[in-house]
Every structure is written in C-alpha cells, then in structure tokens.
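# Geometric and topological summary
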Amino acid sequence: MRALVTKVRVGAATAGELVRLLWNGPFWWLVPVLALLLPAAILFVVLQAVPWVAPFVYTVF
C-alpha cells in the first residue's frame, strides 16, 4: 500500500512539473491542445471497459 501511495505521489509531481513547464515555458501553445486531447483520451479509456462499446472504440484507432 505504501508503494502505491509513493508511485501516485511521484506521478502527480511529474504531472505538476509538466503542467508548470508547459505554462511557463515556450510550449504554452500546447495547453489548449492538451485541454482537448486529455478528456478525449480519458473517455476512450473508460469506454474500453464497457464490453459492448469496446469494438467501436478500437475501430477509431
């Protein structure tokens, strides 16, 4: 359990650092792109768990 918490904490720190880099660095124009693609990716991952939707999601890729 402790290892899982450590992995989540490290992952969150990495994600926070990436967001900070994108916002403050020369890649600020990627923020709107990520704002559109990230929810779509999360939606596809969640939809793959539903058995009758999975074949349709796979055909998108």
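Structural notes, computed from the coordinates.

Procedures and definitions
- Residues numbered from 1 in each chain as written.
- Predicted model: local features only at pLDDT ≥ 70, side-chain atom pairs only at ≥ 80, totals over all residues.
- Heavy atoms only, no water.
- Helix = DSSP H or I, 4+ residues; strand = E, 2+ residues; numbered from the N terminus.
- Rg over C-alpha atoms; globule rule 2.2 N^0.38 Å.
- Buried < 20%, exposed > 50% of the residue type's maximum accessible area, 1.4 Å probe, protein only.
- Areas by Shrake-Rupley, 256 points an atom, 1.4 Å probe, with all protein chains shown as cover.
- 1 Å grid on protein atoms, 1.4 Å probe; cavity = no way out; pocket = protein on both sides within 12 Å on 5 of 7 lines; lining within 4 Å.
- Points joined across faces, edges and corners; volume = space filled by probe spheres on them.
- Nonpolar A, V, L, I, M, F, W, Y, C, P; charged D, E, K, R; others polar.

Attention shifts here to the overall build of the chain. Scanning the chain from terminus to terminus reveals 3 helices and 0 strands. Sequence-ordered secondary structure for the chain, helices as α and strands as β, is α-α-α. For 61 residues, the compact-globule estimate of 2.2 N^0.38 gives 10 Å, and the C-alpha radius of gyration of the chain, at 16 Å, exceeds that figure by more than 25%. In terms of principal-axis extent, the alpha carbons of the chain reach across some 40 × 35 × 15 Å. Scored against the burial criterion, the 61 residues of the chain give a buried share of 8%. For the chain, the accessible surface area stands at approximately 5500 Å², while carbon and sulfur atoms represent 78% of it.

The next subject is the layout of surface pockets. Looking at the largest pocket, its volume works out to about 190 Å³. Lining the largest pocket are Ala-15, Leu-18, Val-19, Leu-22, Val-31, Leu-34, Ala-35 and Leu-38. Breaking the lining of the largest pocket down by element, the ones donating at least two residues are α1 (2-24) and α2 (30-47). In terms of residue class, the lining of the largest pocket is built from 8 nonpolar, no polar and no charged.

All quantities given are derived from atomic positions and should not be read as evidence of function.
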